[in-house]
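If you want the building blocks of each chain, they are given just below.
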Amino acid sequence: MVTTLYRSEEFLLKRFHIGTPRRSSGVVLLGLVLLLVSACGPTHLDPRWSSIMSMDGGDSVLLAFGDRLSLIDTDDGTPVELVDAEGDVRLDDQGNPRVWEVINTTGGQTRFYAAPVILDENTLLAASYDMRLLEVDFPVARVDGASAALGQNIVASPLVDGDFIYVGLSDRDLVALNADDMTEAWRVPTGHGVWAEPTIVEDTLYFTSMDHFLYAVDKTSGEEIWRTNLQGASTARPVYEDGYLYVGSFAKKVHKIDAESGEIVAEFPTSEWVWNAPALVDGTLYVGDLSGMVYAVNADDMTADWQTKAATRAIAPTPLVTENVVVVGSRDQNVYWLNRDSGEVVNQKAVAGEVLANLLLVEPSEQSDVQESLVIVSTSAPQELLVAFTLERGQRVWAYGR
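Because the structure is a prediction, the values reported are computed rather than measured. (Residues numbered from 1 in each chain as written. Predicted model: local features only at pLDDT ≥ 70, side-chain atom pairs only at ≥ 80, totals over all residues. Heavy atoms only, no water.)

1. Re the overall build of the protein
Operational definition: The way it works is that DSSP assigns letters per residue, a run of H or I at least four long becomes a helix, a run of E at least two long becomes a strand, and they are numbered from the N terminus. Categorising residues by exposure relies on relative accessible area from a 1.4 Å probe, with only protein chains included: less than 20% of the type maximum marks a residue as buried, more than 50% marks it as exposed, and the intermediate range marks it as partly exposed. The contact criterion used throughout is that any non-hydrogen atoms of two residues lie within 4.5 Å. To be clear on the numbers: accessible area is Shrake-Rupley with a 1.4 Å probe, and residue cover counts the displayed protein chains and nothing else.
Of the regular secondary structure elements, the protein holds four helices and 32 strands. By the burial criterion, 58% of the 402 residues in the protein qualify as buried. Once local pairs closer than 6 in sequence are excluded, the contacts in the protein between residues at least 24 apart make up 42%. For the protein, the accessible area works out to roughly 16300 Å², and carbon and sulfur atoms hold 45% of it.

Now the structure itself:
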């Protein structure tokens, strides 16, 4: 009975008081909602999205998907081997090379939906869906233990800043933990969940919530400075530049907000809900929405430089913006390259699954063996969790699956 209820789109609409989307685009949210609320019942549903982050100066990609974290070589898409302090490959009991992989089986709902954050040179902090923050010893790929048990599921990456670790909780509230012992320092009550990483600007912490509000609080005390109604739920991290915040919402808008007062000074209408943060590059906001549209919006007056119907289904990730192209991934199992000046689709490549995670750009460097700029794409298909394409030609270089 519980599972049946949570499979209905009506549950999402009533739960978060949002308007009805067109089914072709809005249904993208159901997968996330099913997983967030499944803790209320006996059934855990397997995740179908991932998160990735660049490590070692672009030499590897850390993939968070399902019950594990995996480190993948960006040069050839193979798992990174574990080495000891002398640089020798570690071997298992059968004499086979060990690879960098963290599989956490302590708890029936240990799932990773967000990439870890770096605590220090040797430690990662990973948010698990089963209400815990886990400290991971990076050199040996081992969980040292649960650093904090927070009582609610977690789907967004925490934010580490000075003495505090800020964590959004999926049902309601944002908590600040003392970085030294992981005890709760304070919390900000919210009406519904916090599904996106916060943003810090000087002494102020900004974050969105599914309760429709964008919050500004003192980053040390948690005291509220202001809150602004976005007219719809938001799962997007606020983006800051030159005194203004830019954030998308389920109100089918991108909002420009005065960071000091919280006043909405301008809005840009989109065709459908905006799931993720815009990319703000050289005064232009690049935004995807759940109808498959991509927009280039002048951040000054919030008017469109161009808009393109790139995909047939939702574009959830933040667009990846380079010197000449904008790259987006879609639920229609395609990756699109758009001309940055005109918005024209100039390349399109198919992948095995839906693209819901943000893309990575890996550039050649002294730390990396990569010889050509690569776009790293993560999909929902286990057989093709990561795919690397060349930036310029869109040529498939390698794919990684489990």
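2. Some thoughts on the nonpolar core
How we decide: Residues belong to one nonpolar core when they are buried, are Ala, Val, Leu, Ile, Met, Phe, Trp, Tyr or Cys, and are joined through side-chain atoms within 4.5 Å.
In this structure, Met 55, Leu 62, Leu 69, Trp 100, Leu 124 and Val 136 are the most contacted members of the largest nonpolar core, which totals 17 residues. Elements supplying a minimum of two residues to this core: β1 (51-55), β2 (60-65), β3 (68-73), β6 (123-128) and β7 (132-137). Apart from the residues lying within four places of it in its own chain, the contact partners of Leu 69 are Leu 62, Leu 63, Ala 64, Trp 100, Glu 101, Val 102, Phe 112, Pro 116, Ala 126 and Val 136. Listed in part, the 15 residues of the second largest apolar core include Ile 52, Leu 63, Val 370 and Ala 388.

3. Points about the sheet that holds strand β30 (residues 374-378)
So the rule is basically this: In this analysis, strands are considered paired if DSSP registers two or more bridges between them. Axes, fitted as lines to C-alpha atoms, cover a helix only where it is in contact. Angles between the N-to-C directions of the axes lie from 0 to 180 degrees.
Across the sheet, four strands lie side by side as β29-β30-β31-β32; this open sheet has antiparallel pairing. The two strands at the open ends of the sheet, each matched to only one other strand, are β29 (360-362) and β32 (396-400). Adjacent strand axes in the sheet meet at a mean angle of 20 degrees when their direction is disregarded. Pairing geometry for β29 and β30, over three bridges, is antiparallel. Residue pairing for β30: Leu 360 is matched across the bridge by Ile 376.

4. Points about the pairing of β7
The buried fraction of β7 amounts to five of the six residues, a majority that puts the element mostly inside the structure. Two strands pair when backbone bridges link them, and β6 and β7 are joined in this way by six bridges, in the antiparallel orientation. What sits directly across from Thr 123, in β7, is Asp 137. In sequence, β6 turns back onto β7 through a hairpin of three residues, with Met 131 there showing a positive phi of about 80 degrees.

5. Overview of the sheet that holds β1
Strands pair in a sheet through their backbones, by hydrogen bonds, and they do so in one of two ways: parallel or antiparallel. With antiparallel pairing, the four strands of this open sheet are ordered in space as β1-β2-β3-β4. Two strands close off the open sheet at either side, each with one partner strand: β1 and β4 (101-103). Averaged over neighbouring strand pairs, the angle between their axes works out to 20 degrees when direction is ignored. Pairing between β2 and β3: six bridges, direction antiparallel. If you follow Ser 60 over to β3, its bridge partner there is Asp 73.

6. A closer look at the pattern of salt bridges
Pairing between side chains of opposite charge can happen when the charged atoms of each approach one another. What counts is decided by this rule: Salt bridge, as applied in this entry: a Lys or Arg side-chain nitrogen positioned within 4 Å of an Asp or Glu carboxyl oxygen.
Under the criterion given, the structure shown has 17 salt bridges. Between Glu 184 and Arg 187 there is a salt bridge, and its shortest N-O distance comes to 2.9 Å. Note on Arg 187: relative accessible area 32%, which makes it partly exposed. When the shortest N-O distance is used, the salt bridge between Glu 354 and Arg 313 registers 3.9 Å. Of this pair, Glu 354 sits in the loop between β28 (345-350) and β29 while Arg 313 sits in the loop between β24 (304-309) and β25 (320-321); the two residues are 41 residues apart in sequence, bridging distant segments of the chain.

7. Some remarks on the environment of Val 377
Its location among the elements puts Val 377 in strand β30. Taking the C-alpha atoms as reference, Val 377 lies 9.4 Å from Leu 356; in sequence the two are 21 residues apart. Residues in contact with Val 377, not counting those within four places in the same chain, are Val 335, Val 355, Leu 359, Leu 385, Leu 386, Val 387 and Phe 389.

8. Observations regarding unusual backbone geometry
A positive phi is found at Met 131, a non-glycine position, where the angle reads about 80 degrees. Secondary-structure assignment places Met 131 in the loop between β6 and β7. On the accessibility criterion, Met 131 (29% relative accessible area) is partly exposed.

9. Details of the environment of Leu 374
The residue Leu 374 is located in strand β30 in this model. Residue Leu 374 is classed as buried on the basis of its relative accessible area, which comes to 5%. As for Leu 374 and Val 387, which are separated by 13 residues in sequence, their C-alpha atoms are 9.7 Å apart. Setting aside chain neighbours within four positions, we find Leu 374 in contact with Thr 74, Leu 360, Leu 361, Val 362, Ala 388, Phe 389, Thr 390, Leu 391, Val 397 and Trp 398.

10. Observations regarding the packing of aromatic side chains
The description of an aromatic ring pair rests on the distance of the ring centres and on the angle between the ring planes. Selection rule: Working definition: rings of Phe, Tyr and Trp (its six-membered ring) pair if their centres are within 6.5 Å, and the pair is stacked with planes under 30 degrees apart, edge-to-face with planes over 60 apart, and tilted otherwise. Counted as over-ring charges are cases with an Arg CZ or a Lys NZ within 6 Å of the ring centre that also lie within 35 degrees of the ring normal.
One pass over the structure, following the stated rule, counts 14 aromatic pairs. Through successive ring pairs, a cluster of aromatic residues spans Trp 49, Tyr 113 and Tyr 129. One Lys or Arg, Arg 227, reaches over the ring of Phe 213 and ends 5.4 Å from the middle of that ring. Lying over the aromatic face of Tyr 244, Lys 256 brings its terminal NZ or CZ to 4.4 Å of the ring centre.

11. Some thoughts on the confidence of the model for the protein
This is how it is decided: Per-residue confidence from the predictor is reported as pLDDT, which spans 0 to 100.
The pLDDT averaged across the protein works out to 87; a share of 86% of its residues lies at or above 70. The model gives residues 1-46 a pLDDT under 50, and that stretch makes 93 contacts with residues more than four places away or in other chains.

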